[in-house]
Amino acid sequence: MAPKPPVSAALIARTVAAWMVTLVIFFPLGWLVLTSFKTELQAISVPPLLFFTPTLDNFVEVQRRSDYLLYAQNSVITSVVSTLLGLAIAFPAAYSMAFFRSRWTRDVLMWMLSTKMMPAVGALVPIYVLAQTAGLLDTRLALIIVFTLSNLPIMVWMLYSSFRDIPHEILEAARMDGATLWQEFRRVLLPLGMGGLFSTGLLCLVLAWNEAFWSLNLTAAKAGTLAALIASYSSPEGLFWAKLSCASFMAIAPIVVFGWFSQRQLVQGLTFGAVK
Amino acid sequence: MSPLRSAALNTDAVEAASTPVSAPGRPRGEAASRFLPRALLAPAVVTLFLWMIVPLVMTIYFSLIRYNLMQPGETGFIGLANYEFFVTDASFWTAIVNTLLLLGSVIAITVVGGVSVALLIDDPFPGRGLVRVLLISPFFVMPTVNALLWKHMMMNPIYGVFAQVWHFFGAKPVDWMTDWPLFSVIVMVAWQWLPFATLIFVTALQSMNREQLEAARMDGARYFQQLRYLYVPHLGRSIAVVIMIEMIFLMSVFAEIFTTTGGGPGDASTNIAFLIFKQALLNFDAGVASAGALFAVVLANIVAIFLIRMIGKNLD
């Protein structure tokens, strides 16, 4: 082990500066969490309260008032199903491109990327009209389809880049031993590509959970996700800050924790592998 | 590469995906080996192709007809009238300016701020792991929560934290949403994307050549010189990537505006995305909204060309 460097003034200055910046950036979020444990009166007290007796009433109240669990259920179902569905489509595609490279592979990958560049708002009217015609407005199915398709390019890319790290020889050896395609997937590719599969799923889960544009435009009371529920707190109930904070806290907590674990994949996924 | 053209290319691509570059001895037989990669790739390509082409064709079609969601009976080809309406609408130029202001400000803040923060936390210090976790958190907050958190708890002119700070210094609190609507939206969006930029830069800094840096320090290079000749050139590529990615996402900022200012007061915080939404689902004029959407698509494609080129170079 290397000897510890002596504590210098520079280190102290750097530490203090880094922590101050961090606390300023994190403050709004910390404040949100604090507020969710306050009563409504404490939430709007002047000056703001840092120390108070925490209450859990908001958590009960949010559920009673706006059926938090229904929206949470919608969020879980739409993000989980769209992620699994996306993986099911992206996995074979990435396998095909990574292990059967043709001179078109590159173009296909680039084209997939280009579909992600289309702004969602550009497709708003047609998708809305299609959903309306098919009777899919305010259904989870509509969101699942949209989430799956809009995350598909990212999934293919991430899986493709993780598969490319797997040596061809291993798959070929399995094939020579007479493994069927299914066995090849199941016994060789799945264990080796597990890391990539896992991180791809994680990132897409985060993206689908936080998606707001389509949830706001395609859903209402039945299939609304948490992102849409929070938006409904916007004006009339806006002054119930403790409840708003509490609902928000419950909406973001699971995914923020997820995000902490998928930081590195996030960088690769969102930059399509350009920064590693 | 426009999606349309590349899509045309792509159908050939599926056709031609049959020749594997490395064709290892496969007991499954030649025909199967040609068929299999295509079959596995097909679902992804077909669904994405539909996802791209169907809305695009519909949008182009809607943009050329009279189409109001409330009056389904009235249709008919009207040429470029929808485009004319969208472009001559007074809100159009405001929205363009707002879109660019939002884009420019957030990118400037996140790149400069992100590089600074990344440099600050690059070397080890006590609590660095925790700092990283706390710093990245805002990026995972969903846009609607972000928006309401800032609108109410931070920026409310009476009870908000900012108002209290202003009071503390004896200043008159600002009514952010009314007087500085676009600025408020910029703050929210920048707060969300600063962690993203920081994360990318921190990741990029990890691949810095430490020996080179050490050598420069030994030779007495000042911090500014290290910054100018070592750090910034090394970060160049990731700065470009951050700018491009943010351009794509920030061009269509929507939820933050929808939940806080509603594009107002007037059009003060309306961007192109929100203007299209207003035309489509508030004015029910799908024709005009479609014309607007095509503007947005063209705008995004201009950016996309550069990004795709850059990532494409990295592929082989």
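Notes on the structure follow. It should be emphasised that the depicted structure is a prediction, and the values quoted were computed from it without experimental measurement.

Of regular secondary structure, chain B possesses 14 helices and zero strands. Reading chain B from its N end, one meets helices and strands in the order α-α-α-α-α-α-α-α-α-α-α-α-α-α. Sorting the 316 residues of chain B into buried and exposed places 43% on the buried side. Once local pairs closer than 6 in sequence are excluded, the contacts in chain B between residues at least 24 apart make up 69%.

With 176 residues, the main nonpolar core has A:Ala94, A:Leu124, A:Val156 and B:Ile276 as its most contacted residues. With residues up to four places along the chain from it excluded, the contact list for A:Ala94 reads A:Val156, A:Leu159, A:Tyr160 and A:Phe163.

With that settled, the discussion passes to the interface of chain B and chain A. Interfaces are frequently sized by the accessible area removed from exposure as the parts join. Contact with chain B, which involves 95 residues of that partner, is made by 90 residues of chain A. The greatest single-element share of the side of chain B that touches chain A, amounting to 15 residues, is contributed by helix H2 (residues 30-63) of chain B. Its residues assigned to classes, the side of chain B that touches chain A shows 75 nonpolar, 19 polar and one charged.

Taking 1.5 Å of rise per residue, 12 residues should cover 16 Å, and helix H5 (residues 105-116) of chain A covers 17 Å from first to last C-alpha, within 8% of that figure. Listed in full, the buried residues belonging to H5(A) are A:Thr105, A:Val108, A:Leu109, A:Trp111, A:Met112, A:Leu113, A:Ser114 and A:Thr115.

Now for the packing of helix H1 (residues 9-35) of chain A against helix H6 (residues 143-154) of chain B. Running from N to C, H1(A) and H6(B) point in directions that differ by 75 degrees, and their axes come no closer than 11 Å. One way to sum up the angle between H1(A) and H6(B) is to call them roughly perpendicular. Residues A:Pro28, A:Trp31, A:Leu32 and A:Thr35 of H1(A) form the contact with H6(B), whose own contacting residues are B:Leu149, B:Trp150, B:Met153 and B:Met154. Among the residues forming the contact of H1(A) with H6(B), the class breakdown is seven nonpolar, one polar and no charged.

Moving on, we come to the environment of A:Phe91. Residue and element names in this part refer to chain A. As for its placement among the helices and strands, Phe91 is situated in helix H4 (residues 68-99). Look at Phe91 and you get buried, because 23 C-beta atoms sit within 10 Å. For the pair Phe91 and Phe185, spaced 94 residues apart in sequence, the C-alpha to C-alpha distance is 9.7 Å.

Quick notes on the rules
Residues numbered from 1 in each chain as written. Chains lettered and ligands numbered in written order. Predicted model: local features only at pLDDT ≥ 70, side-chain atom pairs only at ≥ 80, totals over all residues. Helix = DSSP H or I, 4+ residues; strand = E, 2+ residues; numbered from the N terminus. Buried ≥ 20, exposed ≤ 12 C-beta atoms within 10 Å, placed from the backbone. Contact = placed C-beta atoms within 7 Å. Core = buried A, V, L, I, M, F, W, Y, C linked by C-beta atoms within 7 Å. Nonpolar A, V, L, I, M, F, W, Y, C, P; charged D, E, K, R; others polar. Expected span 1.5 Å × (residues − 1). Axes fitted to C-alpha atoms, helices over the stretch in contact; angles between N-to-C directions. Parallel < 35°, antiparallel > 145°, perpendicular 65-115°, else oblique.

Any link to function would need more than the numbers given here.
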